[in-house]
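# A look at the structure
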Amino acid sequence: MIEDPVMEYVNSPEKQRQLHAKTLKVVILSQMFGGAGLAAGITVGALLAQAMLGTESYSGVPTALFTLGSAIAALLVGRLSQRLSRRAGLAAGFLAGGIGAIGVVLAAIYDSVPLLFISMLIYGGGTATNLQARYAGTDLALPAHRAKAISTAMVFTTFGAVAGPNLVNVTGHFATSLGAPALSGPFMLAAVAYLAAGLVLLLFLRPDPLIVAKAIAEQQRIAGVRHQDDQSRVQEQSGNVKGITVGAAVMVLTQVVMIAIMTMTPVHMKHHGHSLSEVGIVIGLHVAAMYLPSPITGFLVDKFGRILMSYMAGLTLLLSGLLAAIVPGDSMPLLVLALILLGLGWNFGFISGTAAIVDATTPRVRAKTQGTIDVLIALGGASGGALSGMVVAQSSYAALSMSGAILSLLLIPVVLWSRSQQKENG
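In this text, all values refer to a predicted model and were calculated from it rather than measured experimentally. (Residues numbered from 1 in each chain as written. Predicted model: local features only at pLDDT ≥ 70, side-chain atom pairs only at ≥ 80, totals over all residues. Heavy atoms only, no water.)

Broken down by element type, the chain carries 19 helices and zero strands. Buried positions account for 58% of the 426 residues belonging to the chain. Contacts in the chain between residues at least 24 apart in sequence constitute 85% of all its contacts with a sequence separation of at least 6. Only carbon and sulfur atoms are counted for the fraction: they give 68% of the accessible area of the chain, which is about 16900 Å². Placing the 25 positive and 18 negative side-chain charges of the chain at their respective mean positions leaves the two points 5 Å apart. (Helix = DSSP H or I, 4+ residues; strand = E, 2+ residues; numbered from the N terminus. Buried < 20%, exposed > 50% of the residue type's maximum accessible area, 1.4 Å probe, protein only. Contact = heavy atoms within 4.5 Å. Areas by Shrake-Rupley, 256 points an atom, 1.4 Å probe, with all protein chains shown as cover. Lys, Arg positive; Asp, Glu negative; His and termini not counted. Charge placed at Lys NZ, Arg CZ, Asp CG, Glu CD.)

Here is the structure:
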């Protein structure tokens, strides 16, 4: 039996619009904190590992671990959200991320590599949750405005994510004033940010948008059950498998390319004499390009479709990889341009892929499916992060970037297959 407060929203389109607007505001606030939390790992994670291990061959391991942790958390957050609520799943994920960040700080203080690796794994829970929060904004969005809802949730991640890398020196000075290594400072910020994000969702994401969306879908199912054919029942249980496959493939490929190149950029810059503050600027602008264009991208995805913007993702990532491969390592402006293109290509692919997933799923299976897909995204990122350090150690940053450019071309056959399937079904 659906509770009366939920039924009040089910039977009122106006209240649904109000709840959707409120949900977006809560998600936006949590994303601002969450963005600051995720920035620590991508900015100084590799540098911290390099300092503690004394070699760069395994400097990509922390990125691999927190993306692997992100994979595990994505599965658990998705399952918990489906079974209980978005609020429970997202709050638990951010709490785990905060605990992991605290563990990284302790690992740096006591120079414990095992604790560092375990903590980076747990820290990944915040990364997964920060990404899954985008789905909460789509639960009550109209189909024609889903990409806009995704982009609205994502763009406000920019504030925290850009501030984080640019606070590397400030947080580093704060850490050293406490007797801790400077590179642990950003993780102190991450701990506070992730815990704050979880608290915001726990207190204010009420009524839960996914519970209301499932109640609306259930009422619509009961009303239309007499006219439902067998094929419709199968799709209601599993979603549109072809649409899910394409959306997942687009997001996984863009994640692998982005993580691989981004992970080794700080190490590459340090080799060419760039300061830690310059690394922070480049990564900050990269993260800004990942999230700041989201409103425009969301409009374009809703206006021109998921397929066109997936093409644009592949093209932009190709240009980024080629540029990163050929520019001189001491050229700050060209490195900035390459990393901005890398973030922009990820943005195109991530929003178009996410919109395709929401289109292809129903509320009865949506959170569970989204969590499973985010596992694949995280595992793809973990692979990219782990292999990136080895590729650079055995070859060069240019070889890594060129490999990323070539890999981005795989988006073309994926999208072509999607279009052929649409024509067959049309």
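Read on, since the account is not over.
Enumeration according to the criterion identifies two cavities of 30 Å³ or more in this entry. Reported here for the second largest cavity is a volume of approximately 30 Å³. For the second largest cavity, the full set of lining residues is T67, S70, T127, L131, Q255 and A378. Of all elements in the fold, only α3 (61–83) and α5 (113–136) reach the threshold of two or more residues within the lining of the second largest cavity. Residues that form the lining of the second largest cavity fall into these classes: two nonpolar, four polar and no charged. (1 Å grid on protein atoms, 1.4 Å probe; cavity = no way out; pocket = protein on both sides within 12 Å on 5 of 7 lines; lining within 4 Å. Points joined across faces, edges and corners; volume = space filled by probe spheres on them. Nonpolar A, V, L, I, M, F, W, Y, C, P; charged D, E, K, R; others polar.)

At a closest axis distance of 9 Å, the pairing of helix α12 (residues 241–271) and helix α13 (residues 276–291) adopts a crossing angle of 160 degrees. Regarding the angle of α12 to α13, the classification is roughly antiparallel. Two packed elements cross with a definite hand, and for α12 against α13 that hand is right-handed. Contacts between α12 and α13 pair M258, M262, T265, P266, M269 and K270 from the former with L276, E278, V279, V282, I283, H286 and M290 from the latter. For the contact of α12 with α13, the class distribution of residues is nine nonpolar, two polar and two charged. (Axes fitted to C-alpha atoms, helices over the stretch in contact; angles between N-to-C directions. Parallel < 35°, antiparallel > 145°, perpendicular 65-115°, else oblique. Left-handed = near helix turned anticlockwise from the far one by under 90°.)

Below, the discussion takes up the packing of aromatic side chains. How two aromatic rings sit relative to each other is set out by the distance from centre to centre and by the angle between their planes. For the coordinates displayed, the defined rule picks out five aromatic pairs. The interplanar angle of 35 degrees and the centroid separation of 5.8 Å between the aromatic rings of F94 and Y194 together place this pair among those described as tilted. Of the two residues, F94 sits in helix α4 (residues 86–110) while Y194 sits in helix α9 (residues 185–204), which places them 100 residues apart along the sequence. The burial state of F94 is the same as that of Y194; both residues are buried. Residues W346 and F350 carry aromatic rings whose centres are separated by 4.5 Å and whose planes lie at 15 degrees to one another, so their mutual orientation is stacked. Taken together, the positions of W346 and F350, both in helix α16 (residues 332–360) and four residues apart, correspond to about one turn of that helix. Note on accessibility: W346 and F350 belong to one class, buried. Site record: aromatic cluster; members linked through ring pairs are F94, Y123, F187 and Y194. Here K15 stacks its cationic end above the ring of Y9, 5.9 Å away from the centre of that ring. Cation over ring: R134 sits above Y135, and NZ or CZ is 4.1 Å from the ring centre. (Phe/Tyr/Trp six-rings, centres within 6.5 Å; stacked < 30°, edge-to-face > 60°. Lys NZ or Arg CZ within 6 Å of the ring centre and 35° of its normal.)

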